[in-house]
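# Working through the structure, step by step
Here's the letter readout for the chains.
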Amino acid sequence: MSKVGETTLVLDLSALEHNYNYLRSQIRPETKFLGVVKAFAYGSDMIVIARKLEQLGADYLAVAYVSEGVLLREAGIQLPILVLHPLASNFDDLIEYYLEPSIYSRNILNQFLETAKLTKKTAYPVHIKFNTGLNRLGFSEADIDYIAEKTKNNGSIIIVSALSHLAASEDVNEREFSLKQISSFENLSNKLTEKLDYAPMRHMLNTSGIINYPEAQFEMVRSGIGLYGYGNQANVDAHLRPVATLKTVISQIHQIDINESVGYNRAFKSNKPLKSATLPIGHADGIGRQYGKGKGFVTINNKKAPILGNVCMDMIMVDVTDIDCKEGDEAIVFGPKKSAENFAATANTISYEILTAISQRVKRELKNN
Ligand SMILES: *Cc1c(COP(=O)(O)O)cnc(C)c1O
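What counts, and at which threshold
What you see as residue numbers is a count from 1 along each chain, following the sequence as written. At least 70 in pLDDT is required for a residue's local features to be given in this predicted model, at least 80 for side-chain atom pairs to be given and counted, and no such filter applies to totals for whole chains, interfaces and linings, which use all residues. Only heavy atoms go into the side-chain values, all of them from the structure, while hydrogens and water stay out. To qualify as a helix, a DSSP run of H or I must reach at least 4 residues; to qualify as a strand, a run of E must reach at least 2; elements of each kind are numbered from the N terminus. Only protein chains enter the accessibility calculation, which uses a 1.4 Å probe; a residue whose area is less than 20% of its type maximum is buried, one above 50% is exposed, and one in between is partly exposed. Here, two residues are considered to be in contact whenever any of their heavy atoms come within 4.5 Å of each other. Only the protein chains shown count as cover for residues, and the accessible areas themselves come from Shrake-Rupley with a 1.4 Å probe. In this tally Asp and Glu are treated as negative and Lys and Arg as positive; neither His nor the chain ends contributes. By convention, charge coordinates are those of NZ in Lys, CZ in Arg, CG in Asp, or CD in Glu. The nearness test applies per residue and asks whether one of its heavy atoms lies within 4 Å of the molecule or strand. Polar contacts here mean pairs of N or O atoms no more than 3.5 Å apart (in protein, one a potential hydrogen donor and the other a potential acceptor; neighbouring residues in sequence count only if both atoms are side-chain atoms). Asp, Glu, Lys and Arg are counted as charged, while Ala, Val, Leu, Ile, Met, Phe, Trp, Tyr, Cys and Pro are counted as nonpolar; the rest, among them Gly, fall into the polar class. Grid spacing is 1 Å over the protein atoms alone, the probe is 1.4 Å, and a cavity is where that probe fits but cannot get out, while a pocket is an open set with protein on both sides within 12 Å along at least five of seven lines and lining residues have an atom within 4 Å of a point. Grid points are joined across faces, edges and corners, and a volume is the space filled by probe spheres set on the points. Each domain's limits were defined by an automated method or a database of domain assignments. As used here, buried area is the combined drop in accessible area, with a 1.4 Å probe, of two parts when they are placed together. When a carboxyl oxygen of Asp or Glu lies within 4 Å of a side-chain nitrogen of Lys or Arg, that pair is called a salt bridge.

### Some points on the overall build of the protein
- Looking only at helices and strands, the protein has twelve helices and 19 strands in total.
- A principal-axis box enclosing the C-alpha atoms of the protein has dimensions of 80 × 40 × 40 Å.
- Taken over 369 residues, the protein has a buried fraction of 53%.
- A fraction of 66% describes how many contacts in the protein between residues 6 or more apart in sequence connect residues 24 or more apart.
- A total accessible area of about 16400 Å² is found for the protein, and carbon and sulfur atoms account for 48% of it.
- Here the protein contributes 40 positive and 41 negative side-chain charges, whose respective centroids are spaced 2 Å apart.

Below you can see the structure in the form of structure tokens.
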């Protein structure tokens, strides 16, 4: 991989292709595949990833918010785009850009029907979200008659799919709960289908769902984190390749004497002479303060360099006492060798959080394969 001159998130699209093919190999060939590209494609580059997924033959994309879908359409993405968490104030844009709402409440259903009618839509594709235990968004069983009544002879919309979301698909200790969610979804979607005179698609599996509950793939699955190379369990990680590598460079090296301090609040104090390296990456780039004070570390010339003291807005200082290095050398925060999951674990969090935290200030670059 080529050297970088500044903090850079290097994206490997051949890893994305590999992960896509692996996830696809875990489901039936006829099952549709939805790629989740919300939050800038898990902090990478939403447009680049969406284009690649389109080219690879994904059937659907999903974003969280309407504004994200608008960016995809403006970049020329043609695939159907599911908006997981639309808000009524964005319905005009949603329709203008032909995005497909996940309808999760009576209120949202009514407001959407009104907008669809006002804009004279016919058979506009919508999705019905059921709550089966996550208790975040979604209709319950008591809403099914209401949904059917409102939509059945209403030419403005068509229900393309019914969906739900697992609360703990990665957790083997919650298997019983997940199975209960799956059977509840089957029941709810059947009831909805009985009330309509057509059968919407059904989907409920995220990445760990695909791995742990393939029997519940229904007509489509929705994968995010797996596409980016993380599987929430070591035996799955082994089949996947991280798409993003976060690299930076050493801007300056300091010799620190005994009883000196490093950084704001003098949070690190030396009890022996040491050598520190300053790196141009801080909490404004996504490395939160929770990684400071020796928890998080970067890799320089294949050696561990722990963060000294507090993370600054634009910089961190790391301990390179035992590392043969010089100004301009590369530092790797995470990537294929030292995963984002492991980096995240140093601050008690998960790959999803560190990946999506990488701010828009960080340069994105494609890896030349
Ligand atoms: C984010 C999200 C996904 C993707 O989950 P992964 O664990 O990243 O695969 C799927 N479905 C819904 C509703 C989501 O919000």
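### A word on the site of the ligand
- Around the ligand sit 13 residues in total, of which K38, Y42, T207, I225 and Y352 are the nearest.
- Interatomic distance of 2.9 Å between a side-chain N/O atom of R222 and a nitrogen atom of the ligand.
- Between the ligand and I225 there is a distance of 2.8 Å, counted from an oxygen atom to a backbone nitrogen or oxygen.
- Taken together, the elements giving at least two residues each to the shell around the ligand come down to α2 (38-43) and β9 (220-223).
- Its residues assigned to classes, the shell around the ligand shows five nonpolar, five polar and three charged.

### Overview of the environment of R175
- Tracing the backbone shows R175 in helix α8 (residues 175-195).
- Its relative accessible area of 37% is what places R175 among the partly exposed residues.
- What R175 contacts, discounting residues up to four positions off in sequence, is N212, Y213 and E215.
- Within polar-contact distance, the side chain of R175 engages the backbone oxygen of N212 at 3.4 Å.

### Observations regarding the layout of surface pockets
- Reported here for the largest pocket is a volume of approximately 620 Å³.
- Residue lining of the largest pocket: 26 residues in total, with K38, Y42, L84, R136 and H165 positioned closest to the centre.
- Counting residues per element, the ones that place at least two in the lining of the largest pocket are α2 and β9.
- The residue makeup of the lining of the largest pocket, split by class, is 13 nonpolar, eight polar and five charged.
- Reported here for the second largest pocket is a volume of approximately 320 Å³.
- Forming the boundary of the second largest pocket are 13 residues, of which K247, N302, E330, I332 and K337 lie nearest the centre.

### Focus on the domain arrangement of the protein
- If you check the domain split of the protein, you get domain 1 (31-228) and domain 2 (244-366).
- The distance between the C-alpha centroids of domain 1 and domain 2 comes to 38 Å.
- Of the roughly 760 Å² buried where domain 1 meets domain 2, counting both sides, 65% is carbon and sulfur surface.
- On the domain 1 side of the interface with domain 2, the three residues burying the most area are Y42, G43 and I225, jointly 52% of the side's total.
- Our count for the contact surface shared by domain 1 and domain 2 stands at zero salt bridges.

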